[in-house]
Amino acid sequence: MEMTNAQIRDRVDALKPWFHNMDLGGVATAPEHFLGDYPNIKWRKFADAIPADLTGKSVLDIGCNAGFYSMEMKRRGASRVLGVDFDDDYLAQARFAAEVSELDIEFAKLSVYDVGTLNEKFDVVIFMGVLYHLRHPLLALDLIREHVAGDMLVFQSMQRGSADTVDIAENYQFWDTDLFDAPEFPKLHFIEHRYSNDPTNWWIPNRAATEAMLRSAGFRIEARPEHEVYICRIAEQNVDAKPVYPGSGRNS
Ligand SMILES: C[S@@+](CC[C@H](N)C(=O)[O-])C[C@H]1O[C@@H](n2cnc3c(N)ncnc32)[C@H](O)[C@@H]1O
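Here's what I pulled together on the structure shown here.

Analysis parameters
Numbering of residues starts from 1 in every chain and runs along the sequence as written. For this predicted model, a pLDDT threshold of at least 70 governs which residues receive local features, and a threshold of 80 or more governs which side-chain atom pairs are given and counted, while totals over whole chains, interfaces and linings are taken from all residues. Helix numbers and strand numbers start at the N terminus; a helix is a DSSP run of H or I with at least 4 residues, a strand a run of E with at least 2. In this description the radius of gyration comes from C-alpha coordinates, and the expected globular size is given by 2.2 Å times residues to the power 0.38. Exposure classes come from backbone-placed C-beta atoms, where a residue is buried if 20 or more other C-beta atoms lie within 10 Å of its own, exposed if 12 or fewer do, and partly exposed in between. Working definition of a contact: two residues with C-beta atoms, positioned from the backbone, lying within 7 Å. When buried Ala, Val, Leu, Ile, Met, Phe, Trp, Tyr and Cys residues are joined through C-beta atoms within 7 Å, the set is termed a nonpolar core. Strand pairing is assigned whenever DSSP detects at least two bridges linking the two strands. Here the axes come from fitting lines to C-alpha atoms, over the contacting stretch only for helices, and the angles between their N-to-C directions go from 0 to 180 degrees. Placing the C-beta atom from the backbone, one calls a residue near a molecule or strand if that atom lies within 6 Å of it. Residues are grouped as follows: nonpolar covers Ala, Val, Leu, Ile, Met, Phe, Trp, Tyr, Cys and Pro; charged covers Asp, Glu, Lys and Arg; every other residue, Gly included, is treated as polar. Crossovers are described as right-handed under a simple rule: with the strands pointing away from the observer, the path leading from the first strand over the helix to the second runs clockwise.

Description of the overall build of the chain
Phase 1 of the analysis: Counting its secondary structure elements, the chain contains six helices and 11 strands.
Phase 2 of the analysis: Expected size for 252 residues packed as a compact globule is a radius of gyration near 18 Å; at 19 Å, the chain falls within 12% of this value.
Phase 3 of the analysis: Over its C-alpha atoms, taken along the principal directions, the chain stretches across nearly 70 × 40 × 30 Å.
Phase 4 of the analysis: Each of the 252 residues in the chain was classed as buried or not, and the buried ones make up 36%.
Phase 5 of the analysis: Considering only residue pairs separated by 6 or more positions, the chain has 58% of its internal contacts joining residues 24 or more positions apart.

Observations regarding the nonpolar core
Phase 1 of the analysis: Of all hydrophobic cores here, the largest spans 61 residues; its most connected members are Ile62, Val125 and Ile144.
Phase 2 of the analysis: Ignoring anything within four residues of it in the chain, the contact list for Val125 reads Leu60, Ile62, Ile144, Val148, Ala149 and Leu153.

Things to note about unusual backbone geometry
Glycine aside, the phi torsion of most residues is negative, and most peptide linkages are trans.
Phase 1 of the analysis: For the peptide bond that leads from Lys16 to Pro17, omega is 0°, which places it in the cis range.
Phase 2 of the analysis: Residue placement: Pro17 occurs in the loop between helix H1 (5-14) and strand E1 (23-24).
Phase 3 of the analysis: In this chain, Tyr38 is followed by Pro39 through a cis amide linkage whose omega measures 10°.
Phase 4 of the analysis: Take Pro39: it is sitting in the loop between strand E2 (27-28) and helix H2 (40-46).
Phase 5 of the analysis: Even without glycine at this site, Asn197 takes up a positive phi of about 60°.
Phase 6 of the analysis: Mapping Asn197 onto the fold places it in the loop between strand E8 (188-190) and strand E9 (203-205).

Overview of the sheet that holds strand E4 (residues 80-85)
Phase 1 of the analysis: Read from one edge to the other, the open sheet built from seven strands follows the order E5-E4-E3-E6-E7-E11-E10, with strand pairing classed as mixed. The sheet is open, and its two edges are formed by strand E5 (106-109) and strand E10 (219-226), each paired on a single side. Between one strand and the next, the sheet's axes are offset by a mean angle of 20°, whatever the strand orientation.
Phase 2 of the analysis: Sheet analysis places strand E3 (residues 58-62) next to strand E6 (residues 122-128), joined by four bridges and oriented parallel. Counterpart to Val59 in the pairing with E6 is Val124.
Phase 3 of the analysis: Helix-sheet contacts for helix H6 (residues 207-216) involve strand E7 (149-156), E10 and strand E11 (229-234), and the interaxial angle to E10 is about 145°.

Quick look at the site of the ligand
Phase 1 of the analysis: Close to the ligand lie 18 residues, the nearest being Gly63, Asn65, Asp87, Met128 and Gly129.
Phase 2 of the analysis: Split into classes, the residues belonging to the shell around the ligand amount to 10 nonpolar, six polar and two charged.

Comments concerning the pairing of E5
Phase 1 of the analysis: Relative to E5, E4 runs parallel, the two being bridged by four bridges. Bridging from a neighbouring strand, Val84 pairs with Ala108 of E5.
Phase 2 of the analysis: Read from E4 through helix H4 (residues 88-100) to E5, the crossover connection turns out right-handed.

Regarding the environment of Val27
Phase 1 of the analysis: Mapped onto the elements of the fold, Val27 is located in strand E2.
Phase 2 of the analysis: Sequence separation between Val27 and Phe107 is 80 residues, and the spatial gap between their C-alpha atoms is 22 Å.
Phase 3 of the analysis: Val27 has contacts with Asn5, Ile8, Arg9 and Val12, leaving out every residue within four places of it along the chain.

Written out as structure tokens, the structure is:
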């Protein structure tokens, strides 16, 4: 049975607070979002970088929140869309939003660290806005690459610090210390307490670190349609290719 506008409003209110602002039958879920009409304003800047027709493709949306990107992928015809998040409240929002929008999407409670349990590779993996919320960001990227990334990764991270990049040398000598003072050297900024009042912001990369981490985890950056958004394809994981010296902790 179709819900009335008043019924939708009641459910939207009951499911508050929303991070995704969406129009559900004329009801805005987060009209006061501090980033504006989010994530729509971001999506509009990179929507053209993703195939308009996803017919026959499978999509995994990790950290799906209220399902904005899952729903956009389904609207593009993806045959299977699975949205996962470790937060029950966001999953309840996602299920409701998909139901009101009459989109057939699966949602499941899953941490990014457990993607291996899915035992499935997906044509498109979306990993937007999650990396900096993790205590172990590179582990998450490695797990995604190993277990679920079948072809394309759509990635976004908040970035702070220099937006410049630098050619990364194959090696740096022990006494090369100045390079660490260069703003464009890959840096992950550790947030011990809070950033933007959010205790779950742990590591905020600059642009160079974002790109280096993606490469190191085995992704080839194909495009950067928006300053925080990367379209990647799976490539060789280069951590294993590096020599391990006894006691160097290289791969630890
Ligand atoms: C900033 S929101 C991003 C939501 C959406 N992907 C986007 O780009 O708009 C971060 C989301 O990641 C989820 N999240 C954080 N840590 C997670 C983890 N370890 N596993 C799965 N989801 C996680 C949060 O619950 C939240 O829904």
